Amino acid sequence: MNLRVILLVIVVIVFLLASLLISFLSFQTNSLSQGYQDGSVQIIQNTTPGTIPHVITVKNNGKKPVMVENGQILTSNISQNLVVAEDKVIEQNSSEKVKAYCFEPKKKAVPGSNLTPSGQASTQVKTLIMNSNPNNIQNATQTQLQIWILVTGNNVDINSGEAPSLIQEQQISISQLNQDISTAESNLITSFNISSSQISNFNQTSSQINLNNIIDNAFNLINTFVNWVRSSLGI
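Procedures and definitions
Residues numbered from 1 in each chain as written. Predicted model: local features only at pLDDT ≥ 70, side-chain atom pairs only at ≥ 80, totals over all residues. Heavy atoms only, no water. Axes fitted to C-alpha atoms, helices over the stretch in contact; angles between N-to-C directions. Helix = DSSP H or I, 4+ residues; strand = E, 2+ residues; numbered from the N terminus. Parallel < 35°, antiparallel > 145°, perpendicular 65-115°, else oblique. Contact = heavy atoms within 4.5 Å. Core = buried A, V, L, I, M, F, W, Y, C linked by side-chain atoms within 4.5 Å. Buried < 20%, exposed > 50% of the residue type's maximum accessible area, 1.4 Å probe, protein only. Polar contact = N/O pair within 3.5 Å; in protein donor to acceptor, adjacent residues only side chain to side chain. pLDDT = per-residue confidence, 0-100. Salt bridge = Lys/Arg side-chain N within 4 Å of Asp/Glu carboxyl O. Pairing = 2+ DSSP bridges.

A. Just the packing of helix H4 (residues 137-151) against helix H6 (residues 174-192), in detail. With their axes 9 Å apart at the nearest point, H4 and H6 run at an angle of 75 degrees to one another. Our classification of the angle between H4 and H6 gives roughly perpendicular. Residues Gln-142, Leu-145, Gln-146, Ile-149 and Leu-150 of H4 pack against Leu-177, Asp-180, Ile-181, Thr-183, Ala-184, Glu-185, Asn-187 and Leu-188 of H6.

B. Region of the structure containing the nonpolar core. Core analysis: the largest hydrophobic core is formed by 29 residues, its most contacted members being Val-83, Tyr-101, Val-125, Ile-147 and Leu-177. When residues of this core are traced back to their parent elements, those giving at least two are strand E8 (94-102), helix H3 (123-130), H4, helix H5 (162-170) and H6. The dominant element in this core, judged by the number of residues it contributes, is H4, at six residues. Ignoring sequence-local partners within four residues, the contact set of Ile-147 consists of Val-83, Tyr-101, Cys-102, Phe-103, Val-125, Leu-128 and Ile-129. If you look at the next biggest cluster of nonpolar residues, it comprises 14 residues, including Leu-32, Ile-43, Val-68 and Val-98.

C. Layout of the environment of Thr-47. Within the element layout of this structure, Thr-47 appears in the loop between strand E2 (41-45) and strand E3 (54-60). Judged by relative accessible area, which is 15%, Thr-47 ranks as buried. Sequence separation between Thr-47 and Ala-109 is 62 residues; the distance between their C-alpha atoms is 7.2 Å. The residues touching Thr-47, leaving out its near neighbours within four places in the chain, are His-54, Val-55, Ala-109 and Pro-111. A polar atom in the side chain of Thr-47 sits 3.2 Å from the side chain of Gln-45. Side-chain polar atoms of Thr-47 contact the backbone nitrogen of Val-55, separated by 3.1 Å.

D. Local environment of the confidence of the model for the chain. When pLDDT is averaged across the chain, the result is 84; 75% of the residues are at 70 or more. Across residues 207-217, where pLDDT falls below 50, the model places 11 contacts with residues more than four positions away in sequence or in other chains.

E. Here's a closer look at the environment of Val-98. Along the chain, the position of Val-98 falls in strand E8. Accessibility expressed as a relative area gives 0% for Val-98, which makes it buried. Separated by 42 residues in the primary sequence, Val-98 and Ile-56 place their C-alpha atoms 5.3 Å from one another. Ignoring anything within four residues of it in the chain, the contact list for Val-98 reads His-54, Val-55, Ile-56, Val-58, Val-68, Val-84, Glu-86, Lys-88 and Ile-90.

F. Layout of the pattern of salt bridges. Applying the stated criterion across every chain yields a total of one salt bridge. Its salt-bridge partner being Glu-86, residue Lys-88 comes within 4.0 Å of it at the nearest N-O pair.

G. Inspection of the sheet that holds strand E1 (residues 30-31) at higher detail. Within the open sheet, the three strands sit side by side as E1-E4-E7. Their pairing is mixed. Pairing within the sheet leaves two strands with one partner each, and these edge strands are E1 and strand E7 (88-90). Note that E1 and strand E4 (residues 66-68) share two bridges and pair parallel. Residue pairing for E4: Ser-31 is matched across the bridge by Met-67.

Written as structure tokens, this is what we have:
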């Protein structure tokens, strides 16, 4: 057996293992949306307005662990929308606290309110979250302000909603908040290599990816690749 054949076999095996892992995970866990839809998951806002990052409680009463992923948008009729800031697995019959950033600065957080999974944030927002440190207040605040700039189209209102509560919570002045917002805007422009006017053109949400579609696509890709290998080897 020549080197080319060996390499082709190795690649096929890697694809198979990856697809099996994805399939295994899909059977062993539920997404946050799946758990919520079947009534086994409850998501509760814990923290008061101005907190960075916010903290939610995810209660899982289901028979499978639930995977909470960063970038998941959580909505509410009475409280502000949030976007999850970390990945965490919630085991069955247990609850965990999960960090999240404010995704709707015009509204204040209402502790005790229920939240609903509602799609995924955009690639830009997810990038900000992945590069942030929710455990560092200065870093988390910069990330929060950048998210506010994106979701408001660079039009953050510091006189209503969450901003006045942030000023009070961190005991800073209005001028300091304005300066922090200006710094956050500059960091956004540098990070994404855009102009200030382009910020408002960013889409802040994206369609939620269905794990079953990922699995199907993976198997289709594997089948196509295997057929190519068989054709190459004259099998």
